[in-house]
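Architecture and fold: a report
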Amino acid sequence: MADDQFKNVISHAKEYGFIFQSSEIYDGLSAIYDYGQNGALLKNNIKAYWWGAMVQMHENIVGIDSAIFMHPTTWKASGHVDAFNDPLIDNKDSKKRYRADVLIEDHVEKIRQKIEKEVGKAAKRFGDSFERAQFESTNPRVVGYHEKIRAIMDRFVKSMEAEDLADVKQLIEDEQIKCPVSGSMNWTDVRQFNLMFGTQMGSVAEGASTLYLRPETAQGIFLNYLNVQKTGRMKIPFGIAQIGKAFRNEIVARQFIFRMREFEQMEMQFFVRPGTEMEWYETWKQKRLAWHKSLGIDASNYRFHDHEKLAHYANAAADIEFKFPFGFKELEGIHSRTDFDLKQHEEFSSKKLQYFDPELGENYVPYVVETSIGLDRMFLAILSNSLQTEQLEDGSTRTVMNIPAFLAPYKVAVLPLLKKDGLPEKAREVMNTLKFDHMVKYDEKDAIGKRYRRQDAAGTPLCVTIDHQTLEDNTLTVRYRDTMEQIRIPMTELSALVAQKVSLSAQFSKL
Ligand code: ATP
């Protein structure tokens, strides 16, 4: 069922011009995708909402746009050359490659599901008097499951930290984790694999140097932190935001735009006084969750997942997970990165990256709390959540994408009822009044019902129909995508109605 739903999302995304496989005529390029005519619009609208919520809504956050290529020492200092690795394992029977950590996490997730099952059964049995926390801490079976999860994760974290990859393999074997494709446990050894793409700058004769395509946008912010602080006269706490491409040579890239080798991140680094970082970490966790919830997607689709194994730079980290068609997975990360990055860049560049705090009268290297969200994952979250097949009263079905109106690619479709009698000319007139402010689509082909369905499936929140009465009294019909309700209004009221329905500023005021 979930599989079917996901397949449906992928084929719908193609059919309606949201996402195409890159280089399709050459049979595609693995885990690289292109955004089509509707996809590019939706993506730009998501960016605008994030950028507005961060930069426009916070006077102490500014935005930059740094280059993809950076001095190669950047990646030595940041730890990416030595430590941006994933543990890789192959199944010898299916020849499929996996991330060892993902195999283990999926295994743990199955145990978690067993807990949920027990909790569900007990909740039914006990009714109103059911107390989850008490049940989980006393029911022997559930206590056993929790202990098992803890033991697995502790051992995994310990062996990763000690770089004991043999023990990671042993753990997979001890837990009898099987290849989901072959069903066998015929595993290779676990190896580390660096995820950065390298390339050359300059001709070989001149002595070319190896550069990396950035695997995260954050380092462009760290390297510019002092430039921005000084020229923007920023006072701590302050943030720097950025949207841009990142590249990772992912080992396993099978889930459409969830895991791509070229993708886009929307990151914000918030620079704070040392010792206050945990407060800011909690604040940003809540603020980011509120941003997600403001989209009107049901709250049960989100959950926090606190990291057990922290990256080399972090002292606290959590993911906001979203319920994708293939289960709860990371959508955004909130990380307390300490002063690790700035200190490393100080050391490798021999330049001071300190801040003079006028209130304390002292210099320090700020601590950093970052929020990092994948734009493409956000796109997938919206697309998969909004695609619905509805049963209508007359027994028929309709496909509708109830994308939040302010994010929808096109806001209005203008439709002349017939392709004659001056209706197309009138419709163009209406379109011309709206197009300065909104993306408007004109469509005169096929019966009106079919055109409505086409717009429903593309996520257009409003259709405006021009008929013979429009020519007589300048009224027109507005049809709402979500309710299919139709109202007749004077043409003079249309602009205000559309503006109110798709307003980004109204959305900001909800944050
Ligand atoms: P994962 O555990 O899924 O590999 P990560 O923890 O490595 O992700 P981060 O380094 O925290 O991810 O990156 C921040 C965000 O960038 C992620 O929350 C995700 O939304 C996005 N992201 C990371 N890798 C990819 C990718 N390969 N394709 C698309 N988005 C990605």
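Residues numbered from 1 in each chain as written. Predicted model: local features only at pLDDT ≥ 70, side-chain atom pairs only at ≥ 80, totals over all residues. Heavy atoms only, no water.

This part is about the layout of surface pockets. If you add up the space inside the second largest pocket, you get close to 330 Å³. If you trace the second largest pocket, you find 16 residues lining it, with Gln 5, Asn 8, Leu 387, Gln 388 and Thr 389 closest to the centre. Contributing elements (two or more residues each) for the lining of the second largest pocket: helix 1 (2-15), helix 12 (375-386) and strand 17 (387-391). Tallied by class, residues from the lining of the second largest pocket come to five nonpolar, nine polar and two charged. (1 Å grid on protein atoms, 1.4 Å probe; cavity = no way out; pocket = protein on both sides within 12 Å on 5 of 7 lines; lining within 4 Å. Points joined across faces, edges and corners; volume = space filled by probe spheres on them. Helix = DSSP H or I, 4+ residues; strand = E, 2+ residues; numbered from the N terminus. Nonpolar A, V, L, I, M, F, W, Y, C, P; charged D, E, K, R; others polar.)

What follows is about the packing of helix 5 (residues 100-126) against helix 7 (residues 140-161). Where helix 5 meets helix 7, the closest approach of the two axes is 9 Å, and the angle between their N-to-C directions is 165°. As the angle between them shows, helix 5 and helix 7 are arranged roughly antiparallel. The handedness of the crossing between helix 5 and helix 7 comes out as left-handed. Of the residues in helix 7, those in contact with Asp 101, Ile 104, His 107, Val 108, Ile 111, Arg 112, Lys 114, Ile 115 and Glu 118 of helix 5 are Arg 141, Val 142, Tyr 145, His 146, Lys 148, Ile 149, Ile 152, Met 153 and Phe 156. Taken together, the residues of the contact of helix 5 with helix 7 break down into ten nonpolar, two polar and six charged. (Axes fitted to C-alpha atoms, helices over the stretch in contact; angles between N-to-C directions. Parallel < 35°, antiparallel > 145°, perpendicular 65-115°, else oblique. Left-handed = near helix turned anticlockwise from the far one by under 90°. Contact = heavy atoms within 4.5 Å.)

Here we come to helix 7. Note that an α-helix has 3.6 residues per turn; residues three or four places apart therefore point the same way. Look at helix 7: 31 Å from first C-alpha to last across 22 residues, which is about the 32 Å you get at 1.5 Å a residue. Along its buried surface, helix 7 packs onto strand 4 (85-90), helix 5, helix 6 (132-138), helix 8 (165-174) and strand 6 (191-194). The N-cap of helix 7, judged by a side-chain oxygen 3.0 Å from the amide nitrogen of Arg 141 a few residues on, is Asn 139. Looking at the residues trailing helix 7, positive phi occurs at Glu 163, about 55°. (Expected span 1.5 Å × (residues − 1). Polar contact = N/O pair within 3.5 Å; in protein donor to acceptor, adjacent residues only side chain to side chain.)

Let us now look at the pattern of salt bridges. Counted under the stated rule, the structure contains 39 salt bridges. Residue Arg 191 pairs with Asp 90 through a salt bridge whose shortest N-O separation is 3.4 Å. Within this pair, whereas Arg 191 is found in strand 6, its partner Asp 90 is found in strand 4, the two being separated by 101 residues in sequence. Taking relative accessible area as the criterion, Asp 90 reaches 13% and is therefore assigned buried. Residues participating in the shared-partner salt-bridge network are Glu 109, Arg 112, Arg 303 and Glu 321. (Salt bridge = Lys/Arg side-chain N within 4 Å of Asp/Glu carboxyl O. Buried < 20%, exposed > 50% of the residue type's maximum accessible area, 1.4 Å probe, protein only.)

Residues in contact with the ligand amount to 17 residues; listed here are only the nearest, Glu 250, Arg 259, Met 260, Glu 330 and Leu 331. The backbone of Phe 258 places a nitrogen or oxygen atom 3.4 Å from a nitrogen atom of the ligand. One of the backbone N or O atoms of Met 260 is found 2.8 Å from a nitrogen atom in the ligand. Relative to its unbound accessible area of 590 Å², the ligand is 87% covered by the protein chains. The set of elements that each furnish at least two residues to the shell around the ligand consists of strand 10 (262-272), strand 13 (327-338) and strand 16 (367-374). Among the elements that take part in the shell around the ligand, strand 13 stands out by supplying five residues, more than any other. (Near = heavy atom within 4 Å. Areas by Shrake-Rupley, 256 points an atom, 1.4 Å probe, with all protein chains shown as cover.)

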